[in-house]
Amino acid sequence: MSAAPALDGLQAYVAAHERIAAKLPGGGAWHAVRREALERLLQLGWPTARDESWKYVPLRLLEKRVFDAPAPAALPVDATALARGALKLAGAHQLVFVNGHFAASLSSALPGSDIEVTPLELALEREPERIRARMPLPGDAADQRLTLLNLAFLAAGAEIRINAGASPAPLYLLFVSSGEHRASHPRLLIDLQTGARASIIEHFVTEGDAETFANSVTDIRLGTGAHLEHVVVTEPSARGFVLGSIEAQLGADSRLLLHRVLLSGLLSRSSLRASLEGRGASIDANALLLADGREHLEAHSVICHRATDAKSAERFRGVAGGRGRGVFNGRIVVEAGAARSESQQSSRSLLLSEQAEIDSRPQLEILNNDVKCSHGSTTGQLDPAMLFYLLSRGIDPETARALLIYAFLDDVLVRLELKDLRQQLERRITNALPNKQRIEEFL
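Conventions and cut-offs
Residue numbers restart at each chain and count upward from 1, following the sequence in its written direction. Where totals are concerned, whole chains, interfaces and linings use all residues; where local detail is concerned, this predicted model gives features only for residues with pLDDT of at least 70, and gives and counts side-chain atom pairs only at 80 or more. Side-chain numbers come from the whole structure's heavy atoms, not from hydrogens or water. By definition, any uninterrupted DSSP run of H or I lasting at least four residues is a helix, any uninterrupted run of E lasting at least two residues is a strand, and each is numbered from the N terminus. Both definitions apply: the radius of gyration is a C-alpha atom measure, and the globule rule equals 2.2 Å times residues to the power 0.38. Buried residues are those whose accessible area, probed at 1.4 Å on protein chains only, stays under 20% of the maximum for their type, while exposed residues exceed 50% and partly exposed ones sit between those limits. In this description, contact between two residues means that some pair of their heavy atoms is separated by no more than 4.5 Å. For a helix, the expected span equals 1.5 Å multiplied by the number of residues minus one. Values of pLDDT, which run from 0 to 100, indicate the predictor's confidence residue by residue. Note on terminology: a nonpolar core comprises buried Ala, Val, Leu, Ile, Met, Phe, Trp, Tyr and Cys residues joined through side-chain atoms within 4.5 Å. Whether two strands pair depends on DSSP finding at least two bridges between them. Only the stretch in contact is used when a helix axis is fitted, and all axes are lines through C-alpha atoms; the angle between N-to-C directions ranges over 0 to 180 degrees. An angle below 35 degrees is read as roughly parallel, one above 145 as roughly antiparallel, one from 65 to 115 as roughly perpendicular, and any other as oblique. Crossing chirality is assigned from the near helix's rotation relative to the far helix, an anticlockwise turn below a right angle marking it left-handed and a clockwise turn marking it right-handed. When residues are grouped by polarity, Ala, Val, Leu, Ile, Met, Phe, Trp, Tyr, Cys and Pro land in nonpolar, Asp, Glu, Lys and Arg in charged, and all others, Gly among them, in polar. Pairs of N or O atoms are called polar contacts if they sit within 3.5 Å, as long as, within protein, a hydrogen donor faces a hydrogen acceptor (for residues adjacent in sequence, only side-chain-to-side-chain pairs). Disulfide: a pair of cysteine sulfur atoms within 2.5 Å of each other. One speaks of a salt bridge when a side-chain nitrogen belonging to Lys or Arg is within 4 Å of a carboxyl oxygen belonging to Asp or Glu.

A. How the structure looks around the overall build of the protein chain. On a plain count of helices and strands, the protein chain comes out with 11 helices and 20 strands. Taken against the 2.2 N^0.38 rule, which gives 22 Å for 443 residues, the C-alpha radius of gyration of the protein chain at 21 Å falls within 12% of a compact globule. The principal-axis extent of the C-alpha atoms belonging to the protein chain is close to 70 × 50 × 45 Å. Split into buried and exposed, the 443 residues of the protein chain put 57% on the buried side. Long-range pairs, those at least 24 residues apart, make up 84% of the contacts in the protein chain between residues at least 6 apart in sequence.

Encoded structure:
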C-alpha cells in the first residue's frame, strides 16, 4: 500500500488490513474504497488535542494498544451470560451482533414487511455499487478520522429500512465485543421513509472483562414526517473502548429523539453530527454519563440548522466520582438561511470527589437574526439545601446523596418514550450507586 509514512499508533491497523483486505465482501470496487480510506487516515493521522472536538479525549490510551483485525465472522459467545446482560424489552425484535457480525442463532426472527433488515455483509455482496453510493468517502475533518477507520475495515453491521407510513415494533440491536484485544467496526444504515415511525436501541457490551475496541458508525436518514426514537447505551467492561459516531440527516417535518447513555468503559465516546435539512425538522438530543474509577466518558455533538422553522433541544447531565472524567462538547449552528429557528442547550454536571472532573463546552453559532436560541452550563456538587432536607427526614447521608444523584440523572431518562427501557436503565443506574436497596424503597 503506497501512502505517507504511517504513524506508530496506526501501524497495527495497516498490518491488519493487509492480512484481511482480500477476504472482505464487496469485490474489487470495495477493496479500492477501503484502501483509499486507510491511506487518507494514514496521511491525516489520529485526531489530537489541537482539534477542538477532540480536545479532552485521551486518545493515547487507544494509540498505545494493539488491537487485532476484526474477526471474519461472529465468534462464539456465552449465550447465558449474554442473556443476563441484555436489556429485556417486551415485544421488541432482538438482533445480536458479535464483533459487528450478525449472529442469527442469538437473535429473534427478522421483522416482517413493515421493516427490512439486511446484514451488511449480504448487502455488500448483493449490491456493492448501491451501498457504495450510500456511503461516500468521509472528508478530512478531525471528526471524520474514525469514520475513515470504520470504512477501511467495513464488512459488518446492518442496513435497516422502515417503509413509508409503517410503525413496527422496537428494534433492539445488541453489539457484543468479544476476544482479548479484538477490534470491530460495525456500520448501521438506517432509513425511515415518509411518515414512518420507529424505535431503535443500540446497546454496546463486552463479553467478560476483555480489552476490546468497538468503532461504530450509525448513518440515519429521515424522510418527510418520519419520527425516530434512537437510544444508544454504552456499557463495555472497565477495560473496553467504545467510540461511536452518529450522522443524521432530517427531512421536512421529521423528528429525531436521541438518547445517549454512557455508563462505563475505560474510554467511551459518542459523537453526533446532525443536519436539519428540511423545513420544520426537529431534534431532541439528550445525553447522560456516569463516570467512576478512571473512566473517561464523553458526549460530543454538532447540530446544524439548515432550513427554516427547525428546532433543536440538547440536554446533558453528567456525574463523575473517583478519578472519573466526563466531557460534554456540543455546538449548535444556525445557518444564514435557517430563519425562525429555535434552539435550547443545557449542560449540568455533578462532581462527587476532589479527583473527579467534568468539562462542559456548550456553544452556539448563529448566522441569522430571526431565531430564538439559548444555552447554559453549571458544574458543582450536590445541593446542600436538598441534602439537608433529606437528612432532616431521617434518611442516612449515603442514601440521601445517592437519591439526589439518581434524581439528577433521571431528568434525562424520564424523556424516554419506551417505558420498559426507561425502567431498566433506571435500575442499572441505581445498581451503580451506594445503598441501592434503600434507594429502591423510595422509588
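On we go.
B. Layout of helix H9 (residues 397-413). The end-to-end C-alpha distance of H9 is 24 Å, a good match for the 24 Å that 17 residues give at a rise of 1.5 Å each. Of all the 17 residues making up H9, 12 are buried; the element is thus mostly covered by neighbouring parts of the structure. If you check which residues of H9 are buried, you get Thr399, Ala400, Ala402, Leu403, Leu404, Ile405, Tyr406, Phe408, Leu409, Asp410, Val412 and Leu413.

C. The confidence of the model for the protein chain, seen in detail. Mean pLDDT over the protein chain works out to 90, with 96% of the residues at or above the 70 mark. At the low end of the mean pLDDT range in the protein chain sits helix H11 (residues 436-442), at 64; at the high end sits strand S7 (residues 187-192), at 98. Confidence drops under pLDDT 50 across residues 1-7; counting only partners more than four residues distant or on other chains, this segment forms 18 contacts.

D. Quick look at the nonpolar core. One finds Tyr13, Trp30, Leu62, Leu149, Phe213 and Phe241 to be the most contacted residues of the largest nonpolar core, which totals 41 residues. Counting only elements with at least two residues in this core, the list comes to helix H1 (11-20), helix H2 (27-44), helix H3 (60-63), helix H5 (120-126), helix H7 (145-152) and strand S11 (241-250). Considering every element that reaches this core, the biggest residue donor is H2, with six residues. Those residues in contact with leucine 62 that sit more than four places away from it in its chain are Tyr13, Trp46, Phe67, Phe213, Phe241 and Leu243. Listed in part, the 40 residues of the second largest apolar core include Tyr172, Leu288, Leu382 and Leu404.

E. Focus on the environment of glycine 318. If you trace the backbone, glycine 318 turns up in strand S16 (residues 311-320). Using a relative accessible area of 0% as the deciding quantity, one classes glycine 318 as buried. Residues glycine 318 and leucine 409, spaced 91 residues apart in sequence, show a C-alpha to C-alpha distance of 7.4 Å. Once residues lying within four places of it in the same chain are set aside, the contact partners of glycine 318 are Leu289, Arg348, Ser349, Leu350, Ile358 and Phe408.

F. Seen up close, the sheet that holds strand S18 (residues 341-351). Strands sit in the order S2-S1-S5-S8-S10-S12-S14-S16-S18-S20 across an open sheet of 10 strands; the sheet is mixed. Two strands in the sheet have a free side with no partner beyond their single neighbour: strand S2 (101-102) and strand S20 (371-380). Bridge analysis of strand S14 (residues 282-291) against S16 gives 10 bridges, and the strand direction is parallel. Paired with aspartate 284 across the bridge in S16 is alanine 313. Across the sheet, H9 touches strand S12 (255-262), S14, S16 and S18, and the angle it forms with S16 is around 155 degrees. Relative to strand S10 (residues 227-235), helix H10 (residues 419-431) is tilted by about 20 degrees, and along the sheet it contacts strand S8 (197-206), S10, S12 and S14.

G. Main features of unusual backbone geometry. With a phi angle near 50 degrees, asparagine 99 is a residue other than glycine that sits in the positive phi range. Assignment of secondary structure puts asparagine 99 in the loop between strand S1 (93-98) and S2. For aspartate 309, which is not a glycine, the phi torsion comes out positive at approximately 60 degrees. Structurally, aspartate 309 is set in the loop between strand S15 (296-305) and S16. Relative accessible area serves as the criterion here: at 22%, aspartate 309 is assigned to the partly exposed category.

H. The arrangement of the packing of H1 against H2 in detail. Running from N to C, H1 and H2 point in directions that differ by 165 degrees, and their axes come no closer than 11 Å. Taken together, H1 and H2 sit at an angle that is classed as roughly antiparallel. When the axes of H1 and H2 are compared, the crossing they make is left-handed. Counted together, Tyr13, Val14 and His17 of H1 and Arg34, Arg35, Leu38 and Leu42 of H2 form the full contact between these two elements. Taken together, the residues of the contact of H1 with H2 sort by class into four nonpolar, one polar and two charged.

I. A look at the side chain of threonine 234. You can see threonine 234 is positioned in strand S10. A polar contact of 3.0 Å, which involves the side chain of threonine 234, links it to the side chain of serine 268. Leave out the neighbours within four places in its chain, and threonine 234 touches Phe204, Val242, Val261, Leu262, Leu263, Ser264 and Ser268.

J. Representation of the state of the cysteines within the structure. Taken as a whole and judged by the stated rule, the model has zero disulfides. Its sulfur unpaired, cysteine 304 is 13 Å from the next cysteine sulfur, which belongs to cysteine 373. For cysteine 373, a relative accessible area of 24% corresponds to the partly exposed category.

K. Structural context of the side chain of serine 199. As for its position among the elements, serine 199 is in strand S8. Assessed through its relative accessible area of 14%, serine 199 is described here as buried. Sequence-distant contacts of serine 199, defined by excluding residues within four places in its chain, comprise Pro170, Leu171, Leu228, Glu229 and Leu418.

L. Here's a closer look at the pattern of salt bridges. For the coordinates displayed, the defined rule picks out 28 salt bridges. The residue arginine 40 makes a salt bridge to aspartate 140 at a minimum N-O spacing of 3.6 Å. Of this pair, arginine 40 sits in helix H2 while aspartate 140 sits in the loop between helix H6 (128-134) and H7, placing them 100 residues apart in sequence. Look at arginine 40 and you get partly exposed, because its relative accessible area is 22%. For aspartate 140, a relative accessible area of 43% translates into the label partly exposed. It is possible to trace a salt-bridge network through shared partners that takes in Arg65, Glu180, Glu211 and Arg239.

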